[in-house]
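This is what each chain is made of:
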Amino acid sequence: MNYRLIIQYDGTEFHGWQIQDELRTVQGELSRVLSLLDDREVIVQGSGRTDAGVHAEGQVASVHLHREMSPQKLRNAINGNLAADVRVLFVAFAPEDFHARYSVLSKTYCYRLVHGAVMSPFWARFAHQEARPLDLARMRKCAERFTGEHDWTAFSAAQTDAESRVRNITRMEIADGWDGRGRCHLIELTVTANGFLRYMVRSIVGTLLAVGRGEIENETVIHAIQQGDRKLVGSTAPACGLTLKSVQYD
């Protein structure tokens, strides 16, 4: 049977999604448990990789199992063998040709910032603190430049196994407001695209923060996109603020 899983995890203690020798990863933990349940080596497939320290509210995975179980029984069996920082929220039967990675239409990430002098402990693991003044109007104007199909070489890791660095961003929004739980000014940068390169979202966020602080002009960002010049953009924002919110399929 082919199963589809929706997963949440606090990425703080994980070395990312992808299996790595001797390191704790989300894919590694899930594959370990599923191998025990199916009495054979099983590798769960995710919608994409998240880097070390990056979180997920709606990661999607697929797995073929020889042993047939009801979705609820499978969910409970997986969660019963996992640490508390990762949970399978939902399990459903999936069509035989469904693949969590290759069937993806788009993905949505959210980067959260606590804007102020004090970092709430409720956000310490899931947001990045920015204490310096930010011009949100400048940031929002610059964010408009990121929508559309572009080559994102300037906003990605130097080393990548991607065949192309062209991606289409269909949504780029900056929302802000008072967060009652953390009693702080919370900024959320949400981006949707048909795919992302490694460090792409965090590099975009770092650049927008530099724009908000008045360190980079909008025109410089345009040149960076056009020329693929990494030296023109801001530093990569820390992983702790980034969360994979959802994955879209047909």
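Above this note sits the structure.
Residues numbered from 1 in each chain as written. Predicted model: local features only at pLDDT ≥ 70, side-chain atom pairs only at ≥ 80, totals over all residues. Heavy atoms only, no water.

**With respect to the pattern of salt bridges**
One pass over the structure, following the stated rule, counts 17 salt bridges. The partner of arginine 125 in a salt bridge is aspartate 10, and the shortest N-O contact between them spans 2.9 Å. Of the two residues, arginine 125 sits in the loop between β5 (106-115) and β6 (128-130) while aspartate 10 sits in the loop between β1 (2-9) and α1 (26-38), which places them 115 residues apart along the sequence. A salt bridge links arginine 125 to glutamate 13, with the shortest nitrogen-to-oxygen separation between them at 3.9 Å. Taken together, the positions of arginine 125 in the loop between β5 and β6 and glutamate 13 in the loop between β1 and α1 put the pair 112 residues apart, joining distant regions of the chain. We classify arginine 125 as partly exposed; its relative accessible area is 36%. Among the residues examined, glutamate 13 registers a relative accessible area of 46% and is labelled partly exposed. (Salt bridge = Lys/Arg side-chain N within 4 Å of Asp/Glu carboxyl O. Helix = DSSP H or I, 4+ residues; strand = E, 2+ residues; numbered from the N terminus. Buried < 20%, exposed > 50% of the residue type's maximum accessible area, 1.4 Å probe, protein only.)

**Some thoughts on the side chain of serine 156**
Relative to the helices and strands, serine 156 is located in the loop between β7 (148-151) and β8 (166-179). The class for serine 156 is buried, based on a relative accessible area of 8%. A polar contact of 3.3 Å, which involves the side chain of serine 156, links it to the backbone oxygen of threonine 153. Within the structure, serine 156 has its side chain in polar contact with the side chain of arginine 165 (distance 2.9 Å). When neighbours within four sequence positions are excluded, serine 156 is seen to be in contact with Arg165, Leu197, Arg198 and Arg230. (Polar contact = N/O pair within 3.5 Å; in protein donor to acceptor, adjacent residues only side chain to side chain. Contact = heavy atoms within 4.5 Å.)

**Quick notes on helix α5 (residues 218-227)**
All buried positions along α5 are accounted for by Asn218, Val221, Ala224 and Ile225. Within α5, the buried residues cover an arc of 115 degrees as seen down the axis, which keeps them to one side. Residues of α5 that are exposed and point over 90 degrees away from its buried face: Gln226 and Gln227. Buried residues belonging to α5 abut α3 (136-143), β7 and α4 (200-212). Just downstream of α5, glycine 228 is the residue with a positive phi angle, here 65 degrees. (Arc of directions from axis to C-beta.)

**Some details on the nonpolar core**
Ranked by internal contacts, the top residues of the largest apolar core, which has 70 residues, are Ile78, Phe146, Phe155 and Leu208. Ranked by residues supplied to this core, first place goes to α4 with eight residues. If sequence neighbours within four positions are ignored, phenylalanine 155 has contacts with Phe146, Arg198, Tyr199, Met200, Ser203, Ile204, Thr207, Val221, Ala224, Ile225 and Val233. Core analysis: the second largest hydrophobic core is formed by five residues, Val114, Ala127, Cys184 and Leu186 among them. (Core = buried A, V, L, I, M, F, W, Y, C linked by side-chain atoms within 4.5 Å.)

**Considering the packing of aromatic side chains**
Evaluation of the coordinates by the stated rule reveals eight aromatic pairs. Aromatic side chains tyrosine 109 and phenylalanine 196 sit 5.1 Å apart centroid to centroid with 85 degrees between the ring planes, which places their arrangement in the edge-to-face category. Here phenylalanine 196 lies in the loop between β9 (184-193) and α4 and tyrosine 109 lies in strand β5, a separation of 87 residues in the sequence. Accessibility assignment for this pair places tyrosine 109 and phenylalanine 196 in one class, buried. Ring centres 5.8 Å apart and planes at 70 degrees place the aromatic pair tryptophan 152 and phenylalanine 155 in the edge-to-face group. A residue is classified by how much of its surface remains accessible, and tryptophan 152, at 0% relative accessible area, is buried. Ring pairs connect the aromatic residues Tyr9, Phe14 and Trp17, which therefore count as one cluster. The cationic tip of arginine 24 hangs over the ring face of phenylalanine 14; the distance from NZ or CZ to the ring centre is 4.0 Å. (Phe/Tyr/Trp six-rings, centres within 6.5 Å; stacked < 30°, edge-to-face > 60°. Lys NZ or Arg CZ within 6 Å of the ring centre and 35° of its normal.)

That's the geometry; what it means functionally is another story.
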